[in-house]
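Analysis of the macromolecular model
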Amino acid sequence: MKKSLIAILTFILANMASANIKAGYGYAEKVYLMPSGTLLEAKLDTGAGVSSLSAVNIKIYDKTVDNKDKKYVSFDVSYENEHKKDDVKKLHYDLPLKRVMKIKNRAGEAQDKKYDQRPAVMMPVCFDGKVYDIEVNLTDRTHFYYPLLLGRKALIQFGAVIDSGQKMTFKPSLCKLAKESGEKNETDSISNVKDESSDHE
């Protein structure tokens, strides 16, 4: 009798633990940066701890907020118009600095130094119809195919299991519905978001 109860409880707990996990997300998915609704293609990488966003014109500066000096980061994100691939635009962000990360450079990158220091911020993104506030470090990823890399911390937040044989498994338009319905998670951390047209890089 006791063994049967233990088996039943184990089964129930296992199902509860996996209830929020969706198997079969691809190695690449489309993600919206919020609250602007900017669509980016992202690589889902379980080998990276923290997510990384391609950014240029990165500047850390002091900003007075509520009579206190705080560290902020100003940066631009370049992206292609989803309907016009030859139309490149820039999105400007001004966000609180969470921390400065020390990232070990990979083979073939910046051989003059072993580590790269990158500012990290909290960035609201929409993934599979839900909005999450994830930590991203900022670096110029223009030499990579994907402007956004989603690491383990974000994938755990999403409850995502990755199937490397799949790609683009869900419709990103669900995120537009989430935005219109007002569904969000701490998106107030964004300030001074501006969308600007730009020439090709």
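See above for the structure.
So, here is what we can say about the structure in this document. (Residues numbered from 1 in each chain as written. Predicted model: local features only at pLDDT ≥ 70, side-chain atom pairs only at ≥ 80, totals over all residues. Heavy atoms only, no water.)

**A word on the overall build of the protein**
A count of helical and extended segments in the protein gives three helices and 13 strands. Residues counted as buried form 40% of the 201 residues belonging to the protein. Summarising the internal contacts of the protein: among those between residues at least 6 apart in sequence, 64% fall at separations of at least 24. Total accessible area computed for the protein in this model is approximately 12,200 Å², and 52% of it derives from carbon and sulfur atoms. (Helix = DSSP H or I, 4+ residues; strand = E, 2+ residues; numbered from the N terminus. Buried < 20%, exposed > 50% of the residue type's maximum accessible area, 1.4 Å probe, protein only. Contact = heavy atoms within 4.5 Å. Areas by Shrake-Rupley, 256 points an atom, 1.4 Å probe, with all protein chains shown as cover.)

**What about the pattern of salt bridges?**
Taken as a whole and assessed by the stated rule, the structure comprises five salt bridges. As a salt-bridge pair, Asp 62 and Lys 71 come within 3.0 Å of each other at their nearest N and O atoms. Residue classification places Asp 62 among the exposed residues on the basis of a relative accessible area of 51%. Lys 71 gets classed as partly exposed once you look at its relative accessible area, which sits at 45%. Across the salt bridge formed by Lys 63 and Asp 94, the nearest N and O atoms sit 3.2 Å from each other. Of the two residues, Lys 63 sits in strand β5 (residues 56–65) while Asp 94 sits in strand β7 (residues 88–96), which places them 31 residues apart along the sequence. (Salt bridge = Lys/Arg side-chain N within 4 Å of Asp/Glu carboxyl O.)

**Regarding the environment of Leu 97**
Tracing the backbone shows Leu 97 in the loop between β7 and β8 (99–104). The spacing of Leu 97 and Tyr 61 is 36 residues in sequence and 9.1 Å in space, taken between C-alpha atoms.

**Concerning the nonpolar core**
Grouped together as the largest cluster of nonpolar side chains are 30 residues, with contacts concentrated most on Leu 53, Phe 75, Met 123, Phe 127, Leu 150 and Phe 158. Listed by contribution, the elements that provide at least two residues to this core are β2 (28–33), β3 (38–44), β6 (68–80), β7, β9 (115–127), β10 (130–139), β11 (148–150) and α2 (152–158). Sequence-distant contacts of Leu 53, defined by excluding residues within four places in its chain, comprise Leu 40, Phe 75, Val 77, Met 123, Val 136, Asn 137, Leu 138, Thr 139, Arg 141, Pro 147 and Leu 148. (Core = buried A, V, L, I, M, F, W, Y, C linked by side-chain atoms within 4.5 Å.)

**Description of the packing of aromatic side chains**
Here a ring pair, both rings aromatic, is described through the centre-centre distance and the interplanar angle of the planes. Evaluated as defined, the whole model comprises eight aromatic pairs. Judged by centre distance (4.2 Å) and plane angle (10 degrees), the rings of Phe 127 and Phe 158 are stacked. One end of the pair, Phe 127, is in strand β9; the other, Phe 158, is in helix α2, and 31 residues separate them in sequence. Of the two residues examined, Phe 127 and Phe 158, each falls in the buried class. Ring centres of Phe 127 and Phe 170 lie 5.1 Å apart, and the angle between their planes is 70 degrees; on these two criteria the pair is classed as edge-to-face. With Phe 127 in strand β9 and Phe 170 in the loop between β12 (160–162) and α3 (173–180), the pair connects residues that are 43 residues apart, well separated along the chain. Each of the two residues, Phe 127 as well as Phe 170, counts as buried. (Phe/Tyr/Trp six-rings, centres within 6.5 Å; stacked < 30°, edge-to-face > 60°.)

**Describing unusual backbone geometry**
Trans is the prevailing form of peptide bonds, just as negative phi is the prevailing case for residues other than glycine. Going from Met 34 to Pro 35, the amide bond is cis rather than trans, its omega being 0 degrees. Despite not being glycine, Asn 57 has its phi angle at roughly 55 degrees, a positive value. With respect to the secondary-structure elements, Asn 57 resides in strand β5. By relative accessible area, which is 45% here, Asn 57 ends up partly exposed. Even without being glycine, Asp 66 reaches a positive phi, approximately 55 degrees. Tracing the backbone shows Asp 66 in the loop between β5 and β6.

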